[in-house]
Protein chains: 2
Amino acid sequence: MAFGVTVDLVVFTIRDDRLCALFVRRGIPPHRDRWALPGGFVLEEEGLLDAARRELADETGLDDLPIHLEQLATYGDPGRDPRMRVVSVAYLAFGPELPEPEAGTDAAEARWRPVDEMAPHPDQLAFDHAQILSDGLERARAKLEYSPLATAFCAEEFTVAELRHVYEVVWGIELDPRNFHRKVTGSPGFLVPTDRRTTRNGGRPALLYRRGDATVLNPPIAR
Amino acid sequence: MAFGVTVDLVVFTIRDDRLCALFVRRGIPPHRDRWALPGGFVLEEEGLLDAARRELADETGLDDLPIHLEQLATYGDPGRDPRMRVVSVAYLAFGPELPEPEAGTDAAEARWRPVDEMAPHPDQLAFDHAQILSDGLERARAKLEYSPLATAFCAEEFTVAELRHVYEVVWGIELDPRNFHRKVTGSPGFLVPTDRRTTRNGGRPALLYRRGDATVLNPPIAR
DNA sequence: ACAATAGTGTCTCTCAGACAGTATCGT
DNA sequence: ACGATACTGTCTGAGAGACACTATTGT
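Residues numbered from 1 in each chain as written. Chains lettered and ligands numbered in written order. Predicted model: local features only at pLDDT ≥ 70, side-chain atom pairs only at ≥ 80, totals over all residues. Heavy atoms only, no water.

Draft legend 1. Broad picture of the overall build of chain A. Secondary structure assignment for chain A yields five helices and nine strands. Along chain A, helices (α) and strands (β) appear in the sequence β-β-β-β-α-β-β-β-α-α-α-α-β-β when read from the amino end. Taking 223 residues into account, the globule formula puts the C-alpha radius of gyration at 17 Å, and chain A, at 19 Å, falls close to it. For chain A, with 223 residues in total, the buried portion stands at 51%. Once local pairs closer than 6 in sequence are excluded, the contacts in chain A between residues at least 24 apart make up 66%. Accessible surface computed for chain A: about 10,600 Å², of which carbon and sulfur atoms make up 48%. Computed over 27 positive and 36 negative side-chain charges, the inter-centroid distance for chain A is 5 Å. (Helix = DSSP H or I, 4+ residues; strand = E, 2+ residues; numbered from the N terminus. Rg over C-alpha atoms; globule rule 2.2 N^0.38 Å. Buried < 20%, exposed > 50% of the residue type's maximum accessible area, 1.4 Å probe, protein only. Contact = heavy atoms within 4.5 Å. Areas by Shrake-Rupley, 256 points an atom, 1.4 Å probe, with all protein chains shown as cover. Lys, Arg positive; Asp, Glu negative; His and termini not counted. Charge placed at Lys NZ, Arg CZ, Asp CG, Glu CD.)

See the structure below:
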């Protein structure tokens, strides 16, 4: 009845118009040289969320990232780790375009990889991490609809077009810019307009917004 | 780095027009004589879901219940159990009107209690079980909207009115019987009509339905 | 006959999607 | 001037809510 407890992280970001997740190449057995989700053991006096935060800071090399972290699910099949009985609490993280990660202590290599390159090849991933990735992806896609989660992929201040880009990349579809604009600006508490504009995407200057304090979108953003 | 791992269960059913959950009164310290969610330690070679099923069968005294079980969340704050470091994986269960439970092995008493009696008094519950109950309630209410979960509260065959009653009890509001009827019978894959009718609720005989194979309701049932 | 519940039809209002049209920048 | 993007207005069709109306039972 003594279990090891780990946290594993599905860290999503958007790079070059693609949804990417953070992976490490394992430097030690088991599954040596295969890709895995970043993670590690929970310490004796450490909460689960604290452990997730610590691992995230470790792997990205940055300390105070503007990152949304939430619990995804827990995986504990006997035999999922051949060394011992391990229960893994998976966390889901979202951030704006993040820097290339530093290689961690026991990882040979850490890199952003597009999820549409990894998800179709579950056998390239260590342990049950393909399942965790798949669950994380499904959760992320669903939460875009009814929560302001998409703003977690954006910088502090962002335009409506940048927000729309998040939806388009994560869902893999195109959205009508005009209807999208009406929908998100009309959703109470979703977006707070600033008094600044930007032309960084070309064309007419676009108003910059910040995330509002809404936790749920009503009505949802239809897919 | 050796953790105890338990499963805790939030088991919902509907009794006497009220949403009830299963509680046990603790017969041993800590939190002796307080109410707790049923649960127990995961065994050495046992999967998490298997452990939840086993505990559920234990506590209800029945073996092959028509019960929906899904993982809720995992709770692992240091100090949540004063005896040792314990990580608890909570599961959410739903069943039709279930029999009064047998007292389990190490529980002094097991009973159905209406959640609106328990939720407002978090201090009457052991450990962090008030939080778990609250999370389970929120999840259940949300899932009624967009999943066929409500059918898990009904018997194998049920009427539209019985299904509506589930929504009304869990959400604590009244719904228009006519619009509800149109909505659920028009939701593809939600309900499969049988060729039988019942008058058990009085009035004109109502057609009996079974759950369909839909896993998601589109459009959702509005609250 | 009457009460009670099941189920259908209809109206109205709102909202989502399609898309025309206008505004304001860089080049 | 022209291309590009931002934003607004308008039309239409689908669906939600309100509620009248009909159907079929038990008493």
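Draft legend 2. Main features of the protein's contact with DNA strand D. Among the 23 residues in the neighbourhood of DNA strand D, the closest are listed as R204 and L207 of chain A together with N179, K183 and R204 of chain B. Each atom of DNA strand D within 4 Å of the protein was assigned to sugar, phosphate or base; sugar and phosphate come to 55%. Here a sugar or linking oxygen of DNA strand D and a side-chain polar atom of H181 of chain A are 3.3 Å apart. Within the contact set of DNA strand D, a phosphate oxygen lies 2.8 Å away from a side-chain nitrogen or oxygen of K183 of chain B. Secondary-structure elements contributing two or more residues to the surface near DNA strand D are α4 (160–171), α5 (177–186) and β9 (206–211) of chain A together with α5 (177–186) of chain B. The greatest single-element share of the surface near DNA strand D, amounting to four residues, is contributed by α5 of chain B. Taken together, the residues of the surface near DNA strand D break down into seven nonpolar, six polar and 10 charged. (Near = heavy atom within 4 Å. Polar contact = N/O pair within 3.5 Å; in protein donor to acceptor, adjacent residues only side chain to side chain. Nonpolar A, V, L, I, M, F, W, Y, C, P; charged D, E, K, R; others polar.)

Draft legend 3. Focus on the interface of chain A and chain B. Chain A puts 22 residues into the contact, and the matching count from chain B is 22 residues. Sorting the residues of chain A by area buried against chain B places M1, F3 and E44 of chain A first, and these three jointly supply 32% of that buried surface. The interface formed by chain A and chain B includes zero salt bridges. Viewed at the interface, chain B and chain A are joined by eight residue pairs in polar contact (both at pLDDT 80 or more). (Buried area = accessible area lost by both parts, 1.4 Å probe. Salt bridge = Lys/Arg side-chain N within 4 Å of Asp/Glu carboxyl O.)

Draft legend 4. Quick look at the pattern of salt bridges. In total, this model carries 38 salt bridges over all chains according to the counting rule given. The shortest N-O distance in the salt bridge between D8 of chain A and R80 of chain A comes to 3.8 Å. Of this pair, D8 of chain A sits in strand β1 (residues 4–15) while R80 of chain A sits in the loop between β5 (68–75) and β6 (86–94), placing them 72 residues apart in sequence. For D8 of chain A, a relative accessible area of 6% puts it in the buried group. In this structure R80 of chain A comes out as buried when scored by relative accessible area, which is 10%. Taking the shortest distance from any N to any O, the salt bridge between R164 of chain B and E168 of chain B comes out at 3.5 Å. Of this pair, R164 of chain B and E168 of chain B are both found in helix α4 (residues 160–171), four residues apart, which corresponds to roughly one turn of the helix. For R164 of chain B, a relative accessible area of 16% translates into the label buried. E168 of chain B sits in the buried class, given a relative accessible area of 17%. Linked by salt bridges that have partners in common, R18, R113, D116 and E117 of chain A make up one network.

Draft legend 5. Expanded view of the relation of the copies chain A and chain B. When chain A is brought onto chain B, the operation consists of a screw motion whose angular component is 180 degrees and whose axial shift is 0.0 Å, with 0.0 Å RMSD remaining. Here the transformation between the copies is reduced to the relation of a two-fold axis. Both copies present the same face, since 100% of the interface residues in chain A are matched by interface residues at the equivalent positions in chain B. (Least-squares fit on C-alpha atoms with pLDDT ≥ 70 in both.)

Draft legend 6. Region of interest: the packing of aromatic side chains. Residues and elements named next belong to chain A. This model, assessed by the stated rule, comprises eight aromatic pairs over all chains. For the ring pair Y167 and W171, a centre distance of 5.1 Å and an interplane angle of 70 degrees mean the geometry is edge-to-face. Of this pair, Y167 and W171 both sit in helix α4, four residues apart, which is roughly one turn of that helix. Classification of W171 by relative accessible area gives buried; the value is 8%. On the basis of an interplanar angle of 65 degrees and a centroid distance of 5.4 Å, the ring pair of Y167 and F180 is categorised as edge-to-face. In this pair, Y167 is assigned in helix α4 and F180 in helix α5, connecting sequence segments 13 residues apart. By the burial criterion, Y167 is buried, and F180 matches it. A network of ring pairs unites the aromatic residues F12, F94 and F153 as a single cluster. (Phe/Tyr/Trp six-rings, centres within 6.5 Å; stacked < 30°, edge-to-face > 60°.)

Draft legend 7. Inspection of the side chain of R26 of chain A at higher detail. Residues and elements named next belong to chain A. Within the secondary structure layout, R26 lies in strand β2 (residues 18–26). D81 provides the closest opposite charge to the buried, unpaired R26, separated from it by 6.4 Å. Among the polar contacts made by the side chain of R26, one reaches the main-chain carbonyl oxygen of P30 at a distance of 2.7 Å.

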